[in-house]
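Chain by chain, the residues run as shown.
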Amino acid sequence: QVQLVESGGGLVQAGGSLRLSCVASGSIFTINTMAWYRQAPGKQREWVATIAGGGSTNYASSVKGRFTISRDNAKNTGYLQMNSLKPEDTAVYYCNANLRRIGDVRNSEFWGQGTLVTVSS
């Protein structure tokens, strides 16, 4: 089985920073893409950023220039550095990974349980 565990959420004032981590564990052969999504209260889950296995990145326009996604392939860990946080960034942040499990011939998608980020004004 594969598990994604996020950490690093919390309460921060507007303008502050947080760094989220996502550790993938289990019978993993390789991780293709890692991504972050978020879901604010009363809203649908939205995509935030993606990083490919080779390191290329993409960002939602709402976070571009403020957030940085990265990964450590040796540790099967992804990160989301969030700077210049705004109250509208308040949400539960979810890690997503598209990966190949050991022994599988197809890729699978997994989600973490989420970590809450609250930005006060």
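About the cut-offs
Residues numbered from 1 in each chain as written. Predicted model: local features only at pLDDT ≥ 70, side-chain atom pairs only at ≥ 80, totals over all residues. Heavy atoms only, no water. Salt bridge = Lys/Arg side-chain N within 4 Å of Asp/Glu carboxyl O. Buried < 20%, exposed > 50% of the residue type's maximum accessible area, 1.4 Å probe, protein only. Helix = DSSP H or I, 4+ residues; strand = E, 2+ residues; numbered from the N terminus. Pairing = 2+ DSSP bridges. 1 Å grid on protein atoms, 1.4 Å probe; cavity = no way out; pocket = protein on both sides within 12 Å on 5 of 7 lines; lining within 4 Å. Points joined across faces, edges and corners; volume = space filled by probe spheres on them. Nonpolar A, V, L, I, M, F, W, Y, C, P; charged D, E, K, R; others polar.

## Focus on the pattern of salt bridges
A side chain with one charge can pair with a side chain of the opposite charge if their charged atoms come near.
So, step 1. Under the defined criterion, the tally for this structure stands at four salt bridges.
So, step 2. A salt bridge links R38 to E46; the nearest nitrogen and oxygen atoms lie 2.6 Å apart.
So, step 3. You can call R38 buried: its relative accessible area is 6%.
So, step 4. The closest approach of N and O atoms between D89 and R38, which form a salt bridge, is 2.9 Å. Remark: R38 occurs in strand β4 (residues 28-39) and D89 occurs in the loop between β8 (77-82) and β9 (91-101); sequence separation between them is 51 residues. Per residue, the accessibility class of D89 equals that of R38, and both read buried.

## Concerning the pairing of strand β3 (residues 18-26)
So, step 1. As judged from the six bridges shared by strand β1 (residues 2-7) and β3, these two strands associate in the antiparallel manner. Following the sheet pairing, V5 is matched in β3 by V23.
So, step 2. Bridge count between β3 and β8: six bridges; the pairing is antiparallel. The residue of β8 that forms the bridge with L18 is M82.

## Structural notes on empty space enclosed by the protein
Unoccupied space between atoms shows up once a probe the size of one water molecule is rolled over them.
So, step 1. Tallying each qualifying case throughout the model produces one cavity of 30 Å³ or more.
So, step 2. Estimated volume of the largest cavity: approximately 30 Å³.
So, step 3. Every residue along the wall of the largest cavity is listed here: C22, M34, A35, W36, I51, I69, S70, G78, Y79, C95 and N96.
So, step 4. Secondary structure elements with two or more residues in the lining of the largest cavity: β4, β7 (67-72), β8 and β9.
So, step 5. When its residues are assigned to classes, the lining of the largest cavity shows eight nonpolar, three polar and no charged.

Scope: geometric values only; no functional claims are made or implied.
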